[in-house]
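# Structural features, examined
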Amino acid sequence: MNGIPGQASRRATRSILSSLCLVAVVAGASGLAQAQGKPEGSMYEVPPLDRVPMFTDRPVRYNRNEAGAVAMSRELQRRPLTPARAGDGSVRFVFGQATPTVVCSPLRICVVSLEPGEKVQDVIAGDTARWKIEPSISGVGEALTYHAVLKPTDVGLDTNLMITTDRRVYHLTLKSARHDYMPSISFEYPDNDAARWRSIREHERAREQAALELRAKGALPGIGLNVADLHFNYDISSNFAWKPLRVFDDGVRTYVELPAEVVAREAPIVLTQGVQPDEVVNYRLTGNRYIIDRLADTLTLVQGVGRNQQRITIRRSPAKGEAHHAASDPSNDAYR
């Protein structure tokens, strides 16, 4: 070895040591095989390792209250929850009835869509090692919608998921299958329907209260005008069943009130006798009240055509004394 350079000498030494180690391993394995009663030249088999359980098998004992609470939770989880097919193609669950189950598959995504305008505060899953949960957003403004994108990494997984928002708390059961999965999941919110009905009732109460306050102030509901400032001295020449209930003006506009069933069935047109006979006037209909943006000495209401046509003539008296008397008379229809 004296004539070999240092680097070549080290390579030769490593090669010799590797060969010696390999011989030793083979000899040891052969000796262990002989010790196990196997023919010479057989390889030694490494015994399998004992499987380490993920959890201990220690029993849990409950008192009566705890057992009852666990039973109620199991019932809620097992309660059948029938989904529906939404218009957007998603599987829709009714929020709050039970715990919905979302089935996903590896290499696929499941998208859980929340209510538009709802803001996510936190997302917590029972198995974060084998489930990937990523956020996504669609829409803008009031239509902005948060989505939870679920991706399992294996089949046969079973865990749960909680999503907290500024409106409610979602509890979901997550399961993974080889081929079955739900691409899109959404929810229906019964509380929203109840809130809409509640809003309608509150609006009606507020409207009725405002009408009572107007009546207490001597004002007509719907227009907010004081009765004392109105002119009621109109003559209605008709015996038809659809004749006006009340005609008055505020010095600028003329108001003609008809029975509600007449307006709903066949509302008459309004004509005036001006320079041209039967001149059509501009008016708007609010509820069962015609509002004409002018004063007229004579108005004509026309319903039907041809032989079936019916006409009602309305004449205004300009006498101010009579107008104040009619307006202040408690027996006038405006007070009823």
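Note that this is a predicted model, so its numbers are computed, not measured.

Before going further, it helps to examine the overall build of the chain. What the chain contains, in helices and strands, is 5 helices and 19 strands. Across the chain, every contact between residues at least 6 apart in sequence was considered, and the portion connecting residues at least 24 apart equals 57%. For the chain, the exposed area adds up to about 23100 Å²; of that, 53% sits on carbon and sulfur atoms.

Residues Val102, Val112, Leu150, Ile185 and Phe187 are the most contacted members of the largest nonpolar core, which totals 22 residues. Put simply, the parts of the chain that give this core at least two residues each are strand E3 (101–104), strand E4 (110–113), strand E7 (145–152), strand E8 (158–165), strand E9 (169–176) and strand E10 (184–188). Ranked by residue count, the leading element in this core is E9, at 3 residues. Those residues in contact with Val102 that sit more than four places away from it in its chain are Cys110, Leu150, Leu172, Thr173, Leu174, Lys175, Met182 and Ile185. Trp242, Val256, Val263 and Ile292 belong to the second largest nonpolar core, which has 16 residues in total.

Here we come to the state of the cysteines. Note on terminology: disulfide describes a covalent bond linking the sulfur atoms of two cysteines. Across all of its chains, the model carries 1 disulfide by this definition. Through a disulfide, Cys104 is tied to Cys110; the S-S separation comes to 2.5 Å. The pair Cys104 / Cys110 is uniform in exposure class, with both members buried.

We now examine the sheet that holds strand E12 (residues 246–249). If you walk across this open sheet you meet the 4 strands as E12-E13-E17-E16, and the pairing is antiparallel. Taken across any chain shown, the strands that pair with only one partner, and hence form the sheet edges, are E12 and strand E16 (283–286). Neighbour-to-neighbour, the strand axes of this sheet turn through a mean angle of 20°, independent of strand direction.

With that settled, the discussion passes to the environment of Arg167. Summarising the element assignment, Arg167 is placed in the loop between E8 and E9. For the pair Arg167 and Glu115, spaced 52 residues apart in the sequence, the C-alpha separation amounts to 9.3 Å. Look past the residues within four positions of Arg167 in its chain and what remains in contact with it is Glu115, Pro116, Gly117 and Glu118. Within the local environment of Arg167, its side chain forms a polar contact with the side chain of Glu115, the two groups lying 3.0 Å apart. A polar atom in the side chain of Arg167 sits 3.3 Å from the backbone oxygen of Gly117.

A few words now on the environment of Arg316. Tracing the backbone through its elements, the reader meets Arg316 in strand E19 (residues 310–316). Measuring from C-alpha to C-alpha, the distance between Arg316 and Val247 comes to 9.2 Å, with 69 residues separating the pair along the chain. Leave out the neighbours within four places in its chain, and Arg316 touches His231, Asn233, Tyr234, Asp249, Ala296 and Asp297. Side chain to side chain, Arg316 and Tyr234 meet in a polar contact 3.2 Å long. One polar contact links Arg316 to Asp249, side chain to side chain, over a distance of 2.9 Å.

Across all of its chains, the model carries 13 salt bridges by this definition. Among the salt bridges present, the one from Glu115 reaches Arg168, with a minimum N-O distance of 2.9 Å. Of this pair, Glu115 sits in the loop between E4 and strand E5 (120–125) while Arg168 sits in the loop between E8 and E9, and the two are 53 residues apart along the sequence. By the burial criterion, Glu115 is buried, and Arg168 matches it. Through salt bridges with shared partners, one network takes in Glu115, Glu118, Arg167 and Arg168.

This brings us to the environment of Phe248. Tracing the backbone shows Phe248 in strand E12. Taking the C-alpha atoms as reference, Phe248 lies 9.9 Å from Val227; in sequence the two are 21 residues apart.

The sheet contact formed by strand E2 (residues 91–94) and E10 spans 4 bridges and is parallel. Of the residues in E10, the one forming a bridge with Arg92 is Ser186. The pairing of E4 with E10 spans 2 bridges and is classified as parallel. Counterpart to Val111 in the pairing with E10 is Ser184.

On to helix H2 (residues 64–78). For H2, which comprises 15 residues, the first-to-last C-alpha distance of 21 Å matches the rise-based estimate of 21 Å (1.5 Å per residue) to within 8%. One side-chain oxygen of the residue at the start of H2 lies 3.1 Å from the amide nitrogen of Asn65, identifying that residue as Asn63.

Attention shifts here to unusual backbone geometry. At Leu107, a position not held by glycine, the phi torsion is positive, near 70°. Tracing the chain through its elements places Leu107 in the loop between E3 and E4. Accessibility expressed as a relative area gives 86% for Leu107, which makes it exposed.

The rules behind these values
- Residues numbered from 1 in each chain as written.
- Predicted model: local features only at pLDDT ≥ 70, side-chain atom pairs only at ≥ 80, totals over all residues.
- Heavy atoms only, no water.
- Helix = DSSP H or I, 4+ residues; strand = E, 2+ residues; numbered from the N terminus.
- Contact = heavy atoms within 4.5 Å.
- Areas by Shrake-Rupley, 256 points an atom, 1.4 Å probe, with all protein chains shown as cover.
- Core = buried A, V, L, I, M, F, W, Y, C linked by side-chain atoms within 4.5 Å.
- Buried < 20%, exposed > 50% of the residue type's maximum accessible area, 1.4 Å probe, protein only.
- Disulfide = S-S within 2.5 Å.
- Pairing = 2+ DSSP bridges.
- Axes fitted to C-alpha atoms, helices over the stretch in contact; angles between N-to-C directions.
- Polar contact = N/O pair within 3.5 Å; in protein donor to acceptor, adjacent residues only side chain to side chain.
- Salt bridge = Lys/Arg side-chain N within 4 Å of Asp/Glu carboxyl O.
- Expected span 1.5 Å × (residues − 1).

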